[in-house]
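Listed below are the residues making up each chain.
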Amino acid sequence: MSSSTSSQPLVHPAVPTRLLWTVLATVAVLTLLAYLVAFDQGAVSRSGMFLHELMHDGRHLLGVPCH
C-alpha cells in the first residue's frame, strides 16, 4: 500500500522583507497623517501656524469636527 503522507515538508511562501518594510512604513506614515489631521489641534506646529492651518483645512475637508 502507498502512504498518503508526503516525504516533502510543507513550505509556506515567504513575504519578501522589502515588501514587509514598505507596508509597515506606509502604515506608519498614514497613521501619523491621520493623527495630525484628526487629533493634533496644533500641538505639533510650534514654529508657526502653517501646519496648524493646513491640518485645520484637512479636518474640514474630511468632516472631522474641530470647533
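Structure first, text after, so check above.
Chemist: Could you clarify how one ought to interpret the overall build of the protein in this entry?
Modeler: Helix and strand counts for the protein come out as 2 helices and 0 strands. The buried share among the 67 residues of the protein stands at 18%. Summing over all exposed atoms, the protein offers an accessible surface of approximately 6000 Å²; the carbon and sulfur share of this is 69%.

Chemist: Whenever I open this one, the environment of Val 64 confuses me. Can you help?
Modeler: With respect to the element layout, Val 64 can be found in the segment after helix H2 (50-62). For Val 64, a relative accessible area of 24% gives the class partly exposed. As a C-alpha pair, Val 64 and Ala 38 span 26 residues in sequence and 6.4 Å in three-dimensional space. Discounting residues that sit within four places of it in the chain, Val 64 has contacts with Ala 38 and Arg 59.

Rules and cut-offs
- Residues numbered from 1 in each chain as written.
- Predicted model: local features only at pLDDT ≥ 70, side-chain atom pairs only at ≥ 80, totals over all residues.
- Heavy atoms only, no water.
- Helix = DSSP H or I, 4+ residues; strand = E, 2+ residues; numbered from the N terminus.
- Buried < 20%, exposed > 50% of the residue type's maximum accessible area, 1.4 Å probe, protein only.
- Areas by Shrake-Rupley, 256 points an atom, 1.4 Å probe, with all protein chains shown as cover.
- Contact = heavy atoms within 4.5 Å.

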